[in-house]
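Secondary and tertiary structure notes
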Amino acid sequence: LEPRTISELKSDVVDQIAAGEVVERPAHLVKELIENSIDAAASEIEIEFENGGRSVRVTDDGVGIRPMDLPRALARHATSKIQTADDLWKLQSFGFRGEALASIGAVSRLELTSRPRTEATASKIVSEFGRIEPVAASSGNLGTTLAIRDLFENVPARLKFMKSEVAEGAQIRQVVKASAMSHPEVGFRLRSKGKLELSCRSGEDFGTRVQNILGVKLHTAHGEFEGFRVELAFSGPQD
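Residues numbered from 1 in each chain as written. Predicted model: local features only at pLDDT ≥ 70, side-chain atom pairs only at ≥ 80, totals over all residues. Heavy atoms only, no water.

Turning to unusual backbone geometry, a few remarks are in order. With a phi angle near 55°, N51 is a residue other than glycine that sits in the positive phi range. As for its placement among the helices and strands, N51 is situated in the loop between β1 (44-50) and β2 (55-60). In this structure, F152 is a non-glycine residue whose phi angle is positive, near 70°. Summarising the element assignment, F152 is placed in the loop between β7 (143-149) and α5 (156-160). Overall, F152 belongs to the buried group, its relative accessible area being 1%. (Helix = DSSP H or I, 4+ residues; strand = E, 2+ residues; numbered from the N terminus. Buried < 20%, exposed > 50% of the residue type's maximum accessible area, 1.4 Å probe, protein only.)

Next comes the structure, spelled out in C-alpha cells:
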C-alpha cells in the first residue's frame, strides 16, 4: 500500500467533529446552555424544547454579551472565562474551553440574542450550520436567549443515533432537574411544547428545592472539610 497524503481538515469538518465531542444528544446541549447561564450569574433560567430537543430555547437574565463580542461567542476556542494557562488552576466556572457554542452552531440553526445592562437595546447573531451572519439589532430583555432549531439536520448519521422523542425528552428533563437541585439559588422553568412542566423560584433552600422536584419527604445534612462543602438530601427507608 502507498502512504496516504496528510492534509489539514476543512474548518466545517473540524467543527462537526468537535460538535460530536460536545453534543452527543440534545440533553448535552441543554446542559451546556444551562451552565453558560449559571456562569453568566443568571438568577432566572427558562428552558423550552420540542421534538425531543431538536428545537431548544434557553433564556436567562444574566450579564449578557456585548454586541462586539457576539461573533467571538460563536468562534472556537474563544471564551471570557480564562485568559492564561494559570487560570486553569483557579477555575470558578463550568465552561472554559470556548467550544460549546461553536460546536452547537455547526450542527444547527442557532440564534443568539443578548442585551447587557450597558446596552439600550439587544443584538443578535445567527449561525446557519456554521455559516455566521453579521450582528444585527434586535428586541430583547436584559440577559441572553439562545434558540436552537433543526439540530443535526446537516449530519443525518447523527440523527440515526438519537432515540425516540419521548426518550430524548426524558433525558432533557433529568438534566434540568439535576441542575435545578444543585443550584437552588437560581429560578428554573421548564416548558415542553409550550406546557409548563417545572417551576422553581429563585432563592429556595437546598432541602426545599430537592423535595419539591422529587416530590418526596426528605432529610438534609451538610458538612464542610478543607474548603469543600457537601449538602445531602435523603429519604428514610419507610418513605
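Mapped onto the fold, V176 is located in helix α6 (residues 165-182). Taking the C-alpha atoms as reference, V176 lies 8.1 Å from I34; in sequence the two are 142 residues apart.

This part covers the layout of surface pockets. Computed from the structure, the second largest pocket encloses a volume of approximately 250 Å³. The greatest single-element share of the lining of the second largest pocket, amounting to four residues, is contributed by β7. Its residues assigned to classes, the lining of the second largest pocket comprises three nonpolar, nine polar and seven charged. (1 Å grid on protein atoms, 1.4 Å probe; cavity = no way out; pocket = protein on both sides within 12 Å on 5 of 7 lines; lining within 4 Å. Points joined across faces, edges and corners; volume = space filled by probe spheres on them. Nonpolar A, V, L, I, M, F, W, Y, C, P; charged D, E, K, R; others polar.)

Time to look at the packing of α6 against helix α7 (residues 206-214). Two elements in contact, α6 and α7, have axes separated by 8 Å at closest approach and are oriented at 160°. With respect to their mutual orientation, α6 and α7 come out roughly antiparallel. Residues K177, A180 and M181 of α6 touch α7, and the partners they reach there are F206, R209, V210, I213 and L214. Class assignment for the residues of the contact of α6 with α7 results in six nonpolar, no polar and two charged. (Axes fitted to C-alpha atoms, helices over the stretch in contact; angles between N-to-C directions. Parallel < 35°, antiparallel > 145°, perpendicular 65-115°, else oblique. Contact = heavy atoms within 4.5 Å.)

Let's shift gears to the side chain of D60. Looking at the secondary structure, you find D60 in strand β2. Among buried Asp, Glu, Lys and Arg side chains, D60 stands out as unpaired, with R117 the closest opposite charge at 8.4 Å. Ignoring sequence-local partners within four residues, the contact set of D60 consists of S37, A42, E44, I45, L142, G143 and T144. (Lys, Arg positive; Asp, Glu negative; His and termini not counted. Salt bridge = Lys/Arg side-chain N within 4 Å of Asp/Glu carboxyl O.)

Enumeration according to the criterion identifies 16 salt bridges in this entry. Residues R189 and E46 are paired through a salt bridge, measuring 2.7 Å at the closest nitrogen-oxygen approach. Of this pair, R189 sits in strand β8 (residues 187-192) while E46 sits in strand β1, and the two are 143 residues apart along the sequence. When the shortest N-O distance is used, the salt bridge between R149 and D150 registers 3.8 Å. The class for R149 is partly exposed, based on a relative accessible area of 44%.

Once that is clear, we can look at the environment of G105. Within the fold, G105 resides in helix α4 (residues 100-106). Accessibility expressed as a relative area gives 4% for G105, which makes it buried. Between the C-alpha atoms of G105 and L151, which are 46 residues apart in sequence, the distance is 9.0 Å. Once residues within four sequence positions are removed from consideration, G105 is found in contact with L110, S127, F129 and G130.

Soluble globular proteins tend to pack their nonpolar side chains together in the buried interior. Judged by nonpolar contacts, the single largest core of 42 residues is most densely connected at L29, V30, I45, I47, V176 and F188. Ignoring any residue separated from it by four or fewer positions in sequence, one finds V176 in contact with V30, I34, I47, F188, L190 and L198. (Core = buried A, V, L, I, M, F, W, Y, C linked by side-chain atoms within 4.5 Å.)

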